[in-house]
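# Summary of the model geometry
Chain by chain, the residues run as shown.
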Amino acid sequence: MQREEKQLDTALEAIILRVSDLKSAIAAMIYKLEHEYETLNWPNFLDNFALISGHLTSLSKILGHDKAPNMRNLTILPLLLSPEKDEDLLRTTEGRISTFAHDLVPDYLRTKPEPLAEQKMMTLEVKASNLTYDASQKQVAQYNKVVSHVWDIANKAREEWEGEAGARAAQVQTSSSADTHTLVAAVGMGKSLKSDAGQMVQAGVSPGPQGIMVGRSGNQSQTAGQGSMGNTQLGQMGKAPSAIKTNIKAASQIHPYGR
């Protein structure tokens, strides 16, 4: 009995070691697929796949060794079921499993697929066994044709996208974002706009009647002259009422009994 337990412990240590190596190889491959997909080429992908295949072969050899115990004859039973969080279990499973409760044990300790998945797998295996060699080769050829067609479409779309991106980068810029921001700020918030007449004159703009700006263009003298005449007329119209009152008052003093 002790000899069998010792062989079981030795086999479990070897199996755990191989499974850890296999897990590390799969994690490295997934990392490259997620983060190095732009620089990853087919030979490197095949090397990673060969490494995973080698770990699987080593694991199969350990399980099929004569001195290795038959794992099918062993049953795994939980020693403790609790809905509370288990720190040792969390550390052992690298943060994947925090509790070992009654409703989770069937999923964690399952040694066979689910009934529906197992039934579907058996159906596919029967269908594959009844398929002839010529029919299988024909299906493989059709599948390769579809994959090649999809690959060509993807490459064509990528070439078009890269061509459009290069054309957009080669176009001459016809606008200035700084000037656009300055114009929007001036129109929306009045930024950098000043109402001082002296500063506007220095900028080439002179105030006209009723707030109209008169610029220094070709008809500067005419527009400015019109502005001066307008100012004079407005001034006279503004003083007219006081002049009328003065004349009426003077007439009443000269002819007090005119009526």
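Calculation notes
Residues numbered from 1 in each chain as written. Predicted model: local features only at pLDDT ≥ 70, side-chain atom pairs only at ≥ 80, totals over all residues. Heavy atoms only, no water. Patch = residues over 30% accessible without salt bridge, like charges linked within 9 Å, V, L, I, M, F, W, Y side chains within 5 Å. Areas by Shrake-Rupley, 256 points an atom, 1.4 Å probe, with all protein chains shown as cover. Salt bridge = Lys/Arg side-chain N within 4 Å of Asp/Glu carboxyl O. Lys, Arg positive; Asp, Glu negative; His and termini not counted. Charge placed at Lys NZ, Arg CZ, Asp CG, Glu CD. Helix = DSSP H or I, 4+ residues; strand = E, 2+ residues; numbered from the N terminus. Buried < 20%, exposed > 50% of the residue type's maximum accessible area, 1.4 Å probe, protein only. pLDDT = per-residue confidence, 0-100. Contact = heavy atoms within 4.5 Å. Axes fitted to C-alpha atoms, helices over the stretch in contact; angles between N-to-C directions. Parallel < 35°, antiparallel > 145°, perpendicular 65-115°, else oblique. Left-handed = near helix turned anticlockwise from the far one by under 90°. Expected span 1.5 Å × (residues − 1). Polar contact = N/O pair within 3.5 Å; in protein donor to acceptor, adjacent residues only side chain to side chain. 1 Å grid on protein atoms, 1.4 Å probe; cavity = no way out; pocket = protein on both sides within 12 Å on 5 of 7 lines; lining within 4 Å. Points joined across faces, edges and corners; volume = space filled by probe spheres on them. Nonpolar A, V, L, I, M, F, W, Y, C, P; charged D, E, K, R; others polar.

Quick look at a negative patch on the surface now. Among the surface-exposed residues, E4, E5, D9 and E13 lie close enough to one another that they form a single negatively charged patch. Tracing the backbone through its elements, the reader meets E13 in helix α1 (residues 2-35). Overall, E13 belongs to the exposed group, its relative accessible area being 59%.

The next point concerns the confidence of the model for the chain. On average, residues of the chain score 75 in pLDDT, and 74% of them are at 70 or above. For the stretch residues 200-252, pLDDT sits under 50, and the model shows 24 contacts to residues farther than four places along the chain or on other chains.

Counting across every chain of the model gives 4 salt bridges. One salt bridge connects R91 with D88, and the closest N-O pair in it is separated by 2.8 Å. Of this pair, R91 and D88 both sit in helix α3 (residues 87-92), 3 residues apart, which is roughly one turn of the helix. For D88, a relative accessible area of 46% gives the class partly exposed.

Glancing now at the packing of α1 against helix α2 (residues 42-63). Packed helix pairs are specified by the crossing angle of their axes together with the interaxial distance, meaning the distance between the axes. Viewed as axis vectors pointing N to C, α1 and α2 meet at an angle of 165 degrees, and their least axial separation amounts to 9 Å. Taken together, α1 and α2 sit at an angle that is classed as roughly antiparallel. Considering only the axes of α1 and α2, their crossing is left-handed. The segment α1 lies against α2, with A14, I15, R18, V19, D21, L22, A25, I26, M29, K32 and L33 engaging F45, N48, F49, L51, I52, H55, L56, S58, L59, I62 and L63.

A few words now on helix α6 (residues 133-170). Helix length check: α6, at 38 residues, gives a terminal C-alpha distance of 55 Å against a target of 56 Å (1.5 Å per residue), a fit within 8%. Among the residues of α6, the N-terminal cap falls to T132, whose side-chain oxygen and the backbone nitrogen of A135 are separated by 3.4 Å.

Now for the layout of surface pockets. Size it by volume and the largest pocket reaches roughly 960 Å³. Lining the largest pocket are 22 residues, with L12, I15, I76, Y108 and L109 positioned closest to its centre. Elements supplying a minimum of two residues to the lining of the largest pocket: α1, α2 and α3. Across the lining of the largest pocket, the residue classes tally to 14 nonpolar, 4 polar and 4 charged. Lining the second largest pocket, in full, are K6, Q7, T10, A11, A14, I62, H65, K67 and A68.

Between its terminal C-alpha atoms helix α7 (residues 177-189) stretches 18 Å, which fits the 18 Å expected from 13 residues at 1.5 Å a residue. Once α7 finishes, G190 follows within two positions and takes phi at roughly 70 degrees, a positive value.

Its location among the elements puts A101 in the loop between α3 and α4 (105-108). For A101, a relative accessible area of 10% corresponds to the buried category. Spatially, the C-alpha atoms of A101 and E84 are 8.0 Å apart, while their sequence positions differ by 17 residues. Excluding its chain neighbours within four sequence positions, the residues that come into contact with A101 are L81, S82 and P83.

The next thing to look at is the side chain of T93. Among the structural elements, T93 can be located in the loop between α3 and α4. On the basis of relative accessibility, which here comes to 12%, the residue T93 falls in the buried class. A polar side-chain atom of T93 sits 2.7 Å from the main-chain carbonyl oxygen of L89.

What follows concerns unusual backbone geometry. If you check the backbone angles, E94 has positive phi at about 60 degrees while not being a glycine. Topologically, E94 is positioned in the loop between α3 and α4.

The next subject is the side chain of T99. Summarising the element assignment, T99 is placed in the loop between α3 and α4. Accessibility expressed as a relative area gives 17% for T99, which makes it buried. T99 has contacts with S82, P83, E84, K85, L89, L104 and Y108, leaving out every residue within four places of it along the chain.

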